[in-house]
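Architecture at a glance
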Amino acid sequence: SREEWEHFATRDPETHRSFLATETRVGADKLEDRLAVIYCGPGIEEWTPLQMRLGGVGGAEMSTIRLAEELAFLGWKVVVYAMTDGVYSGVLYRHWSKFDADAAQCALFIAWRGTQVIDRINAWYPKRKPMKHLALWLHDVLPQPTVTEDHARLVDTVWTMSQWQQVNVKAAYPVIPHEKYVMV
């Protein structure tokens, strides 16, 4: 809605504090180190940021669009690998099929809703992580993605959307240490 967009455009101070805390944890203190990659991968239906403003998208998609825009507003270069190609609100969107080993070299890499991309990156870089910070951003409570001990070791943080979700995700994925959880 127009009101929702105007509220978002005001750049809520609480949202800024949340993202600044993430930025500090990542350690991206120099501007040239501020490359964030969000890998969404294939989905059930195509979505774009434009759809959010014209008719709506799902909650996880809307959260991704807003996170990407907010990071861009804070001075990050942001690339989202999803279902479209284009530039929206200062964020580069690339089709998920264009993701390659070079794309994983960044300050902040966010694996969206699953661990398959983490397996792919680990195959490309078996001896080291190519990113400074690897976040697994879970939007669902059901243990859909398999989270192994290797995944738990590789990820720096696991992002959840609410306290309720965090409690339930911790129960669904006992292999992940509790100190790795962050609410975004």
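Everything that follows concerns the structure shown earlier in this document.
As a starting point, this report considers the structure included with it. Everything numeric here is computed off the predicted structure, so don't read it as measured data. (Residues numbered from 1 in each chain as written. Predicted model: local features only at pLDDT ≥ 70, side-chain atom pairs only at ≥ 80, totals over all residues. Heavy atoms only, no water.)

The subject of this paragraph is helix H7 (residues 163-172). Looking at H7, one finds that the buried residues are Gln165, Gln166 and Val169. Looking straight down H7, one finds its buried side chains confined to an arc of 100°; they lie on one side. In H7, the exposed positions angled more than 90 degrees off the buried face are occupied by Trp164, Val167 and Ala171. (Buried < 20%, exposed > 50% of the residue type's maximum accessible area, 1.4 Å probe, protein only. Helix = DSSP H or I, 4+ residues; strand = E, 2+ residues; numbered from the N terminus. Arc of directions from axis to C-beta.)

The next subject is the side chain of Arg34. Positionally, Arg34 belongs in the loop between helix H2 (13-26) and strand S1 (35-39). In this structure Arg34 comes out as buried when scored by relative accessible area, which is 14%.

Spatially, eight strands are ordered S3-S4-S2-S1-S5-S6-S7-S8 in an open sheet, and the strand pairing comes out mixed. The open sheet has two edge strands with one neighbour each: strand S3 (86-88) and strand S8 (181-183). Pairwise comparison of adjacent strand axes, ignoring direction, gives a mean angle of 25° for this sheet. In this structure, strand S6 (residues 133-137) lies alongside strand S7 (residues 157-160), joined through three bridges in parallel fashion. The residue bridging Ala135 from the neighbouring strand is Thr157, located in S7. Seen against the sheet, helix H5 (residues 116-124) touches S1, strand S5 (108-112) and S6 and runs at an angle of roughly 135° to S5. (Pairing = 2+ DSSP bridges. Axes fitted to C-alpha atoms, helices over the stretch in contact; angles between N-to-C directions. Contact = heavy atoms within 4.5 Å.)

Further remarks concern the pattern of salt bridges. Scanning all chains against the criterion turns up five salt bridges. Of the charged contacts, one joins Arg113 and Glu61 as a salt bridge, the two residues approaching to 3.9 Å between their closest N and O atoms. In this pair, Arg113 sits in the loop between S5 and H5 while Glu61 sits in helix H4 (residues 59-73), placing the two residues 52 residues apart along the sequence. Classification of Glu61 as buried rests on a relative accessible area of 15%. Residue Arg153 pairs with Asp150 through a salt bridge whose shortest N-O separation is 3.3 Å. (Salt bridge = Lys/Arg side-chain N within 4 Å of Asp/Glu carboxyl O.)

Purely spatial values, then, with no claim about function.
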